[in-house]
Amino acid sequence: MASKMLQFVKTEKQMPSKRTADDRAKDFDEIYRDFSKERAEEQASRCSQCGVPFCQVNCPLHNNIPDWLMLTAEDRLQEAYEVSAATNNFPEICGRICPQDRLCEGNCVIEKGFESVTIGAVEKYITETAFENGWVKPASPVAERDQSVGIIGAGPAGLSAADMLRRKGYQVTVYDRYDRAGGLLIYGIPGFKLEKDIVERRARLLEDGGVTFKLNCNIGTDISFDEIREAHDAVLIATGVYKARDIALPGAGLKGVVPALDYLTASNKKSLGDDVPEFDDGSLNAKGKDVVVIGGGDTAMDCVRTAIRQEAKSVKCLYRRNKANMPGSQREVENAEEEGVDFQWLSAPQAFTGDESVDAVMAQRIHLGQADETGRQVPQIIEDSTYKLDADLVIKALGFDPEDLPGLFGQDALRVSKWGTVAIDWKTMMTDMPGVFAAGDIVRGASLVVWGVRDGRDAADRIHAFVEAELSGANKAVG
Ligand code: FAD
Ligand code: SF4
Ligand code: SF4
């Protein structure tokens, strides 16, 4: 056991320091400052190097956390980076935005009575140091291969698959309907959680490593799915889920009642310096408005905190359960509270009022009743509890479902689940169509970045196995 470790007994857990809430409200920069070298080493040295590291077991990538913590504590950062990069294509991104309280850190089994080791911030520190020192290199395959793979979707699932396949020498083309690579990393998640140049730096690295990007290219409209299939030896569908869940209440069609992703995308595009007419004309801009956000997940938290930065007059979050039952990361809820968001717990919308544009939300109080078969208490409306919240912008953050992909791609053979997610054989990650694979949110439903990375890596492995089997004739022999 390295003598530097086990310092949890005398060193308390620390996160990198946070900017003050007042300071944060002025811009879209990340709220956490970077760890200094001393602080990162000190925090890494708290790890007790468990024989069975539950942090690692509960990281979807099974990152070798104890090893890179020990290497960091010993100031062997290049080795720490190599260990970390061996299992994660985007450690600096996961280190920033994974809900660590539910994954690695939430399962850290350091001695009872001591707080968990700070894992995500150290992961970010290792990779940022690697970038500063030029240790992060584009893919340079030992040999080029003739076979090509077409990837539809440049989110974390598509990009991690592209990285892995390119490293094996495949000719990789990534198609995306957006004008920038990154998927929700670029246009969904706001800069105060993940600054945009971090995502752009990764996209550049992939391009430098030989990945071809075809952006502004909507598959199913600009190019048919059949053409993509024809052009490549294998295809990966990594299109995410984008159909916003709606709310069927009186007044839901009023002007000023908008879907969360439209609102966040406009804000992200504005931060990236784009012309955004819907932002400039005020329809997707919270400045000076009373804002009500409906929902309690990560997307809702991103909306309320974006509205604070856009200088809204007031920002309220309406959620039908209580704080303990919020689906979003508790850390993000606390950040939102610090920034001045008014949470209306145990409240649900009843109607939206206004002539042409919304002017108020009529809400009702909720009581949590008996638990249902899922174990969660069922929200029940309290009679005669209606109250009014002024609102000139209402943001619906109720979750996302998959679009009708078989319809969009004109592929009846593309089997989907009852939820509309693409059905795959988890052993091969292949759909019912030979040579067509799928990964990320379009398979799991709305999930997490780290699961997208995991699926992208797994899909790359299975695609490689499939192509090799095709070359050797094994697929035909089996078929
Ligand atoms: P996506 O990131 O959605 O990428 C899919 C890509 O496919 C997009 O670029 C899209 O343009 C493209 N595409 C779709 N259809 C087509 C087509 N027909 N032709 C061409 N291109 C197409 N997760 C976390 O871990 N931490 C967080 O803090 C977090 N915050 C979030 C905040 C918000 C607002 C949202 C919406 C999600 C958040 N998530 C978070 C979830 C996370 O972003 C997703 O789970 C993850 O991005 C899914 O990756 P993906 O690659 O499957 O899909
Ligand atoms: Fe934790 Fe996410 Fe990093 Fe895994 S990838 S160690 S879950 S922060
Ligand atoms: Fe270290 Fe905690 Fe992981 Fe144990 S569970 S190896 S103490 S980080």
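Use the structure listed above.
Here the structure is a predicted model, which is why all the values come from computation and not from measurement. Per chain, residue numbering runs from 1 following the sequence as it is written. As they are written, the chains are lettered A onward and the ligands numbered 1 onward, keeping that order. Since the coordinates come from a predicted model, pLDDT governs what is reported: local features require at least 70, and pairs of side-chain atoms require 80 or more to be given and counted, while whole-chain, interface and lining totals use all residues. To get the side-chain values, all heavy atoms of the structure are used, and hydrogens and water are removed first.

J.: What's the story with the sheet that holds strand 6 (residues 257-259) in this structure? I'm lost.
T.: Backbone-to-backbone hydrogen bonds join strands into a sheet, with any given pair of strands oriented parallel or antiparallel. A strand pair is defined by DSSP finding two or more bridges across the two strands. Only DSSP runs of H or I covering at least 4 residues are called helices, and only runs of E covering at least 2 are called strands; the numbering of each starts at the N terminus. Strand order across the open sheet formed by 5 strands is 6-14-7-8-9, with parallel pairing between neighbours. Among the strands making up the open sheet, the edge pair consists of strand 6 and strand 9 (342-344). Looking at each pair of strands side by side, their axes are set apart by 25° on average, direction ignored. As paired elements, strand 6 and strand 14 (residues 393-396) share 3 bridges and run parallel to each other. Within the sheet, the bridge partner assigned to V257 lies in strand 14 and is V394. Residue contacts are counted whenever heavy atoms from the two residues lie within 4.5 Å of one another. Between N-to-C directions, angles cover 0 to 180 degrees, with each direction set by a line fitted to C-alpha atoms, over the stretch in contact for helices. Packed on one face of the sheet, helix 12 (residues 260-271) meets strand 6 and strand 14 and runs near 75° to strand 6.

J.: Honestly, the nonpolar core in this entry has me stumped. Any pointers?
T.: Only buried residues count toward a nonpolar core, which is a set of Ala, Val, Leu, Ile, Met, Phe, Trp, Tyr and Cys residues joined through side-chain atoms within 4.5 Å. The rule is simple: take the accessible area with a 1.4 Å probe, protein chains only, and divide by the maximum for that residue type; under 20% is buried, over 50% is exposed, in between is partly exposed. With 101 residues, the main nonpolar core has I151, F225 and I237 as its most contacted residues. In terms of residue count, helix 18 (residues 449-472) provides more of this core than any other element does, 8 residues in total. In contact with F225, not counting residues within four places along its chain, are I152, I219, V235, I237, F409, Q411, M433 and V436. The next biggest cluster of nonpolar side chains, apart from the first, holds 29 residues, and it includes V276, M326, A336 and A397.

J.: Would you take a moment to explain the site of ligand 3 for this structure?
T.: What makes a residue near a molecule or strand is one non-hydrogen atom of that residue sitting within 4 Å of it. Near ligand 3, the surroundings consist of C47, S48, C50, P53, C55, P66, L69, C108, V109, V117 and I119. Here the term charged refers only to Asp, Glu, Lys and Arg, the term nonpolar to Ala, Val, Leu, Ile, Met, Phe, Trp, Tyr, Cys and Pro, and the term polar to all other amino acids, Gly among them. Looking at side-chain class alone, the shell around ligand 3 contains 10 nonpolar, 1 polar and no charged residues.

J.: So what exactly am I meant to see when it comes to the pattern of salt bridges here?
T.: Here the idea is simple: oppositely charged side chains can pair when their charged atoms come close. When a carboxyl oxygen of Asp or Glu is within 4 Å of a side-chain nitrogen of Lys or Arg, the pair counts as a salt bridge. In the structure shown here, the tally under the stated rule is 39 salt bridges. Where K18 meets E338, a salt bridge forms, and the shortest distance between an N and an O atom there is 2.9 Å. Placement of K18 in the segment before helix 1 (21-24) and of E338 in helix 15 (residues 330-338) is noted, with a sequence separation of 320 residues between them. The exposure class assigned to E338 is partly exposed, which follows from its relative accessible area of 39%. Close ionic contact of K168 with D461 constitutes a salt bridge, the shortest N to O distance being 3.9 Å. Here the residue K168 occupies a position in the loop between helix 8 (156-167) and strand 2 (171-175), and D461 occupies one in helix 18, the gap between them amounting to 293 residues. A network of salt bridges, in which partner residues are shared, links K18, R24, R305, R309, R331, E332, E338 and E339.

J.: Before we go on, may I ask you to explain the pairing of strand 11 (residues 360-371) in this structure?
T.: Here 6 bridges tie strand 10 (residues 347-353) to strand 11, and the two strands are oriented antiparallel to one another. Residue pairing in the sheet places S347 in a bridge with R365 of strand 11. Adjacent in sequence and paired antiparallel, strand 10 and strand 11 are bridged by 6 residues, among which G354 carries a positive phi angle near 145°. As defined by bridge partners, strand 11 adjoins strand 13 (residues 387-390) across 4 bridges and the pair is classed as antiparallel. Residue pairing across strands places V361 opposite L389, the latter belonging to strand 13. Across 4 bridges, strand 11 lies against strand 12 (residues 377-381) in antiparallel orientation. When the bridges of strand 12 are listed, H367 appears paired with Q380. Two successive antiparallel strands, strand 11 and strand 12, enclose a turn made up of 5 residues, where G375 displays a positive phi of approximately 90°.

J.: I keep staring at the site of ligand 2 and nothing clicks. Help me out?
T.: Around ligand 2 sit C59, N63, I65, N88, C94, C98, Q100, L103, C104, I119, E123 and V450, and that is every residue in its neighbourhood. Across the shell around ligand 2, the residue classes break down as 8 nonpolar, 3 polar and 1 charged.

J.: In this structure, what is going on with the packing of helix 7 (residues 120-132) against helix 10 (residues 196-208)? I would like to understand it.
T.: Closest axis-to-axis distance for the helix 7/helix 10 pair is 13 Å, and the angle between their directions is 55°. When the axes of helix 7 and helix 10 are compared, the pair comes out oblique. Every pair of crossing elements has a handedness; the one defined by helix 7 and helix 10 is left-handed. Contacts from T127, E128 and F131 in helix 7 reach I198, R201, R202 and L205 in helix 10. Residues of the contact of helix 7 with helix 10, tallied by class, amount to 3 nonpolar, 1 polar and 3 charged. Should an angle fall under 35 degrees it is called roughly parallel, over 145 degrees roughly antiparallel, and 65 to 115 degrees roughly perpendicular, with every other angle called oblique. Two helices crossing with the near one rotated counterclockwise from the far one by less than a right angle form a left-handed crossing, whereas a clockwise rotation gives a right-handed crossing.

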